[in-house]
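Observations on the model geometry
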Amino acid sequence: GNFFIYSVINAFTPGPGNILALNTVTNYGYKKGRPLYWGIFAGYYVVQVICAVFVFGVSTFLPDLLGIMKYIGAAYILWLAVHIAASKPTTGTVEKSASFLKGFLLQFVNVKIYLFGITALTGYVTEYSASLWVLLLFEIIIATIGTIATLTWIGMGGVLMQRAYQKYYRVINIILALTLSECVYSMLK
């Protein structure tokens, strides 16, 4: 349950991919932005597969590190909760082009999704299974939730979400932060 709550909140909060996608649709329209979105989605899946292989490697060769990584992940989620609670709406910078490569490469430098993928696995999955196939399955689920989130930002929901968020950002951010804090609690108990 908490794995999905954590995944959904993390995927739907404004990260670099969602902001870039929203910004691109506002500046170029859906059709011209399509290559960039495909790049964002493809990059998301590739990065999550890398995370699964990384966590599998750690659990196989350095199993003691997994316990430590869980606490690092918990600290990251708490930092994220505080950051979300304190943040104000931002306006993204205008992009000059909407290419597949730009969207794809963005995901490789998007620290948020690496931490997201690794924290989700070490916090919720590895205590039950560290099999590579199980880890890959959960990372594919994460990438799919992330893709749905980005599509939501791109779709009309993005504009509506942005309006609602601009208006009620403080309340929304505090609710998200408290929900993330509950995820940390359940991860460490």
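Here the structure is a predicted model, which means the values were calculated and not measured.

**Describing the overall build of the chain**
On a plain count of helices and strands, the chain comes out with eight helices and zero strands. Reading the chain from its N terminus to its C terminus gives the helix and strand order α-α-α-α-α-α-α-α. For the chain, the C-alpha radius of gyration of 17 Å lies close to 16 Å, the compact-globule estimate for 189 residues. In terms of overall dimensions, the chain has C-alpha extents of about 50 × 35 × 20 Å along its principal axes. In the chain, which comprises 189 residues, the share counted as buried stands at 46%. Taking the contacts inside the chain whose residues are at least 6 apart along the sequence as the reference set, 83% of them involve residues at least 24 apart. Accessible surface, the chain: about 9600 Å² in total, of which carbon and sulfur atoms supply 74%. Mean positive and mean negative side-chain charge positions of the chain (12 and 5 charges, respectively) differ by 21 Å.

**Notes on the environment of asparagine 23**
Relative to the assigned elements, asparagine 23 resides in helix 2 (residues 16–28). A sequence separation of 38 residues divides asparagine 23 from phenylalanine 61, and the C-alpha atoms of the two residues are 42 Å apart.

**Some points on the side chain of glutamate 139**
By the element assignment, glutamate 139 lies in helix 7 (residues 132–154). In this structure, glutamate 139 is in contact with Gln48, Cys51, Ala52, Gly117, Ile118 and Leu121, ignoring residues within four places of it in sequence.

**What to know about a nonpolar patch on the surface**
A grouping of Phe61, Leu62, Leu65, Ile68 and Ile72 is seen on the molecular surface, where their side chains present a nonpolar patch of about 520 Å² in accessible area. If one sorts the elements of the nonpolar patch by residue count, helix 4 (residues 63–86) sits on top with three residues. Structurally, leucine 62 is set in the loop between helix 3 (30–61) and helix 4.

**So, the nonpolar core**
Counting residues in hydrophobic clusters, the biggest one holds 35 residues, and the most contacted among them are Tyr6 and Leu180. Of all the elements in the fold, those that place two or more residues in this core are helix 1 (2–12), helix 3, helix 4, helix 6 (111–125), helix 7 and helix 8 (156–188). For leucine 180, the contacting residues outside a window of four places in its chain are Tyr6, Ile9, Ile77, Leu80, Ala81 and Ile84. Listed in part, the 12 residues of the second largest apolar core include Leu20, Leu36, Ala98 and Trp153.

**A few points about helix 6**
Helix length check: helix 6, at 15 residues, gives a terminal C-alpha distance of 20 Å against a target of 21 Å (1.5 Å per residue), a fit within 8%. Taken across its 15 residues, helix 6 has 12 buried, putting it largely inside the fold. For helix 6, the set of buried residues is Lys112, Ile113, Phe116, Gly117, Ile118, Thr119, Ala120, Leu121, Thr122, Gly123, Tyr124 and Val125.

**Notes on helix 5 (residues 100–108)**
Restricting attention to buried positions, one finds in helix 5 the residues Gly103, Phe104, Leu106 and Gln107. Burial along helix 5 is one-sided: seen end-on, the buried residues are contained in an arc of 155 degrees.

**Comments concerning the packing of helix 6 against helix 7**
Closest axis-to-axis distance for the helix 6/helix 7 pair is 10 Å, and the angle between their directions is 130 degrees. In terms of orientation, helix 6 and helix 7 fall into the oblique class. Like other packed secondary-structure pairs, helix 6 and helix 7 cross with a definite hand, here right-handed. Contacts between helix 6 and helix 7 involve Phe116, Gly117, Ile118, Ala120, Leu121 and Val125 from the former and Val134, Leu135, Phe138, Glu139 and Ile142 from the latter. Per-class residue counts for the contact of helix 6 with helix 7 are nine nonpolar, one polar and one charged.

Rules behind the numbers
Residues numbered from 1 in each chain as written. Predicted model: local features only at pLDDT ≥ 70, side-chain atom pairs only at ≥ 80, totals over all residues. Heavy atoms only, no water. Helix = DSSP H or I, 4+ residues; strand = E, 2+ residues; numbered from the N terminus. Rg over C-alpha atoms; globule rule 2.2 N^0.38 Å. Buried < 20%, exposed > 50% of the residue type's maximum accessible area, 1.4 Å probe, protein only. Contact = heavy atoms within 4.5 Å. Areas by Shrake-Rupley, 256 points an atom, 1.4 Å probe, with all protein chains shown as cover. Lys, Arg positive; Asp, Glu negative; His and termini not counted. Charge placed at Lys NZ, Arg CZ, Asp CG, Glu CD. Patch = residues over 30% accessible without salt bridge, like charges linked within 9 Å, V, L, I, M, F, W, Y side chains within 5 Å. Salt bridge = Lys/Arg side-chain N within 4 Å of Asp/Glu carboxyl O. Core = buried A, V, L, I, M, F, W, Y, C linked by side-chain atoms within 4.5 Å. Expected span 1.5 Å × (residues − 1). Arc of directions from axis to C-beta. Axes fitted to C-alpha atoms, helices over the stretch in contact; angles between N-to-C directions. Parallel < 35°, antiparallel > 145°, perpendicular 65-115°, else oblique. Left-handed = near helix turned anticlockwise from the far one by under 90°. Nonpolar A, V, L, I, M, F, W, Y, C, P; charged D, E, K, R; others polar.

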